[in-house]
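Notes for the structure review
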Amino acid sequence: MTATALSTPGPRPEAEGERTIRVRIRRSGEGLDEFVVRASDPVTVLDLLRQIQTRHDPSLAFRYSCRVAMCGTCGVRVDGRSKLACRTVLEPDVDHVEIAPLAGLPVVRDLIVDTRPFWAEWARVTPWFVPGDESAPERIPVGSREDGLVDGALGCISCGACYSTCEVARHGSDYLGPAALNRALALIADPRDGAARKRLEVVGGRGGVDRCHYVGGCTSACPVGLDPSRSIVELRRLRLAGRG
């Protein structure tokens, strides 16, 4: 592992309310680069990256779009944990941080990863609603078990944080991964959808729920508070019960 010479922002004195943060960034093919950034609280990881790109190194590559944890594009590892850069606020006593690309996905450049493996697994579960036949109900009864399962699995922003955290998914296996399985539950549990049996065959087959080690890292990594671990447990229960 190598590191470039320390980059400094110049002679400007630290203003009142600012603090100095040493930011180490894992660069593609270049080891670690270290920068000294001056920031005022509250400061997010995305704030640091934008300041570095603007004031220190315009060649730094990373993704972001909405900046409000809706698009899911700014996923990175912060001190080894999969996070959204826009939503990760540094505590006031933190004076150093290390940022790296998401694990388990090929690095394109710096902090940008190729998400095609993630989307390939997502596509395997038929992640869109398929209208049922005439016997399908028009709506899900509010407060029913199905309503709870569907509602609890919705809201995924497809950021890949859970996929990157999952040791099984990120080591080149054919495991569907927690995001795809969570999406599968949201649709299988919906009595209005007509593709539940097809999805149950997929999640119960090779690379499905039986590959999960139930560590729970996917749930702890989810930036929007979903519980993919619970979804996987529910999928196993539905498969064993012959739902669909």
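Residues numbered from 1 in each chain as written. Predicted model: local features only at pLDDT ≥ 70, side-chain atom pairs only at ≥ 80, totals over all residues. Heavy atoms only, no water.

Of all hydrophobic cores here, the largest spans 33 residues; its most connected members are Y175, L181, I188, V203 and L235. Residue assignment for this core shows that the elements contributing at least two residues are α2 (116-124), α3 (145-153), α4 (161-165), α5 (178-188), α6 (196-203) and α8 (228-241). Examining the composition of this core, we find that seven residues originate from one element, α5, more than from any other. Aside from chain neighbours lying at most four places away, what touches V203 is L176, L181, A184, G208, V209 and L235. Counting 28 residues, the second largest nonpolar core, distinct from the first, contains A39, A85, L90 and I157. (Core = buried A, V, L, I, M, F, W, Y, C linked by side-chain atoms within 4.5 Å. Buried < 20%, exposed > 50% of the residue type's maximum accessible area, 1.4 Å probe, protein only. Helix = DSSP H or I, 4+ residues; strand = E, 2+ residues; numbered from the N terminus. Contact = heavy atoms within 4.5 Å.)

Let us now look at helix α1 (residues 45-55). V45, L46, L48, L49, Q51 and I52 are the residues of α1 that are buried. Buried residues along α1 sit against β1 (18-27), β2 (31-40), β3 (75-78) and β5 (96-100).

Moving on, we come to the sheet that holds β2. Read across the open sheet, the five strands follow the order β2-β1-β5-β3-β4; overall the sheet is mixed. The open sheet is flanked by β2 and β4 (81-84), the only strands paired with a single partner. Between one strand and the next, the sheet's axes are offset by a mean angle of 35°, whatever the strand orientation. Across four bridges, the pairing between β3 and β4 is antiparallel. Looking at the pairing, G75 lines up with L84 of β4. Its contacts with the sheet put α1 on β1, β2, β3 and β5, and the angle it makes with β2 is roughly 105°. (Pairing = 2+ DSSP bridges. Axes fitted to C-alpha atoms, helices over the stretch in contact; angles between N-to-C directions.)

Right, let's get into unusual backbone geometry. In most cases, non-glycine residues show a negative phi, while peptide bonds are predominantly trans. Following D41, the chain continues to P42 via a peptide bond in cis, the omega torsion being -5°. Residues other than glycine seldom take positive phi values, yet R67 does so here, at roughly 70°. Relative to the elements of secondary structure, R67 occurs in the loop between α1 and β3. Looking at R67, the relative accessible area reads 47%, which means it is partly exposed.

A few words now on the environment of L226. Within the fold, L226 resides in the loop between α7 (217-221) and α8. With a relative accessible area of 11%, L226 lands in the buried category. Taking C-alpha positions, L226 is 23 Å from V113, a pair spaced 113 residues apart along the chain. Apart from residues no more than four positions distant in its own chain, L226 is found in contact with G152, A153, L154, G155, C156, N182 and T219.

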